[in-house]
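Chain by chain, the residues:
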Amino acid sequence: MNMQKAPIKELISNFKGINFTLQFGDGECVQVGNTPSDFKVILKEPIHTLDFILSYTLAFGEAYMNGNLEIEGNLYEALDAILKFKNHFHTHFHLLPELFHTSTSASHQKKQVSSHYDLGNDFYKLWLDETMSYSCAYFKSSLDTLYEAQMNKIHHILSKLNLQKGQSLLDIGCGWGHLLIEAAKLYKVHGVGITLSQEQYDGFNARIQAENLQDYLEVKLMDYRELANSDLCFDRIVSVGMLEHVGRNHYKLFLSCIDHVLKDGGLVLLHYISSQIESPGDAWIKKYIFPGGVIPSLREIVSLLPNYHDYIIDIESLRRHYTQTLLMWADNFENALPQVHKMFGEKFIRMWRMYLASCAACFNNGVVDLHQILFTKGVNNELPMTRDYLYTK
Ligand SMILES: C[S@@+](CC[C@H](N)C(=O)[O-])C[C@H]1O[C@@H](n2cnc3c(N)ncnc32)[C@H](O)[C@@H]1O
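Residues numbered from 1 in each chain as written. Predicted model: local features only at pLDDT ≥ 70, side-chain atom pairs only at ≥ 80, totals over all residues. Heavy atoms only, no water.

Q: Looking at this structure, how should I read helix α8 (residues 146–160)?
A: Counting along an α-helix, one turn takes 3.6 residues, and residues three or four places apart therefore face a common direction. Compared with the 21 Å implied by 1.5 Å per residue over 15 residues, the 21 Å span of α8 between its first and last C-alpha is a close match. Most of α8 sits out of view: 13 of its 15 residues are buried. Two residues or fewer after α8 comes Asn162, characterised by a positive phi angle close to 50 degrees. (Helix = DSSP H or I, 4+ residues; strand = E, 2+ residues; numbered from the N terminus. Expected span 1.5 Å × (residues − 1). Buried < 20%, exposed > 50% of the residue type's maximum accessible area, 1.4 Å probe, protein only.)

In structure tokens, the structure reads:
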């Protein structure tokens, strides 16, 4: 047997209950499960055994990006089926130190964050909704558009924060700022957003001017670490889709920064992609999509909160909402292919197509989850006695 075929044949021998055809470059076909196949995987050139040993997902992801691997059929459905066997995918993390070493330097993190978010506002406008939200939406109905679901998410978070008119609100990792824009319009809050992305900073500033909200909102190009030395002080803090950039060594630092700028009794809402158990992450995603990103487990964040006298009010999972969000982004992305092609070319398209479809499949399979944790600094005896206020909007 050809050496490069052997590990792949061994891997797929574990795939029970799914039906697909695997075709190698020399024409050999292997049928997995029954016919008719739900999809076909075509591997044009062999994948080197060493690449396979390092990381299955890195090897497959790179083969897909380079056009060496094709999937005939629906990419999401194929990945969704294959991910049922995720326990058979191995990565030798210690052999990939450049991907799994956690950098401590703020400047290095800025470069990593910028490599993703500074691809250009024109690019993100092509496939995000009008609010430019780049995080999990909240589908109250299966008929919700992406815009409606993103607005639902924003209102859901603002309700959880139990905002009172005129309060102050910090958004750590504010993106293009729509959550703060809504908060200023609905609650007349004084909000500060911080981001590491110049493009987001420019985009958010332009929106503040366009909405005439200069008296209420401010955006700063600033690392969360700088909060530790600031004399800012807030009634409420929110962070949506940012904790994934912090890194395992820095959760305490992140929470101590929050503690430093939050008033006693203040509320915090953390919204982040979580995992069941602590994992170093996926090699392909780290190399090509989110360098330096690490998914925190729910329990490791929850276990740290008592160190800061934080009291948990509510935890909610929005896992299935993220599957839906990603599928809608993937559709929008496909509809914008001519423009994306002009901006970045074919390899980028294949890379982002794989990113959006594989992440949707990861949420659907529970490889990752999405949690919102609501907590107070010290006890807060002012909040309503029931949870109804979480669902007012
Ligand atoms: C996935 S985006 C989410 C944006 C926004 N919250 C939303 O829901 O659309 C992550 C955000 O975290 C910010 N970020 C990442 N690392 C950061 C850091 N060290 N300090 C401040 N912001 C950071 C990025 O600049 C980006 O705005």
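What follows continues from the structure just given.
Q: What should I look at first to understand the pairing of strand β7 (residues 217–221) in this one?
A: A regular strand places its side chains so that they alternate between the two faces of the sheet. Pairing analysis gives five bridges linking strand β6 (residues 190–195) to β7, with the strands arranged parallel. In the strand pairing of β7, Ile194 is matched with Lys220. After leaving β6, the chain enters helix α10 (residues 198–210) and then returns to the sheet as β7, a path that is right-handed. (Pairing = 2+ DSSP bridges. Right-handed = clockwise from strand over helix to strand, strands pointing away.)

Q: Would you explain the site of the ligand in this entry?
A: As a matter of local geometry, the ligand sits amid 20 residues, with Tyr134, Ser135, Gly173, Thr195 and Gln200 nearest to it. The backbone of Leu196 places a nitrogen or oxygen atom 3.1 Å from an oxygen atom of the ligand. Within the contact set of the ligand, a nitrogen atom lies 2.9 Å away from a backbone nitrogen or oxygen of Val240. Relative to its unbound accessible area of 600 Å², the ligand is 96% covered by the protein chains. If one sorts the elements of the shell around the ligand by residue count, helix α6 (residues 106–117) sits on top with three residues. (Near = heavy atom within 4 Å. Polar contact = N/O pair within 3.5 Å; in protein donor to acceptor, adjacent residues only side chain to side chain. Areas by Shrake-Rupley, 256 points an atom, 1.4 Å probe, with all protein chains shown as cover.)

Q: Looking at this model, I keep getting lost on the packing of aromatic side chains. Mind explaining?
A: In this description, a pair of aromatic rings is defined by centroid distance and the angle of the planes. One pass over the structure, following the stated rule, counts 31 aromatic pairs. For the pair Tyr322 and Trp329, a centre-to-centre distance of 6.0 Å together with 75 degrees between the ring planes defines the contact as edge-to-face. Like Trp329, Tyr322 is buried. Positioned above the aromatic ring of Phe24, the side-chain terminus of Lys5 is 5.0 Å from the ring centre. One cation-aromatic arrangement involves Arg350 over Tyr64; the distance from NZ or CZ to the ring centre is 4.4 Å. (Phe/Tyr/Trp six-rings, centres within 6.5 Å; stacked < 30°, edge-to-face > 60°. Lys NZ or Arg CZ within 6 Å of the ring centre and 35° of its normal.)

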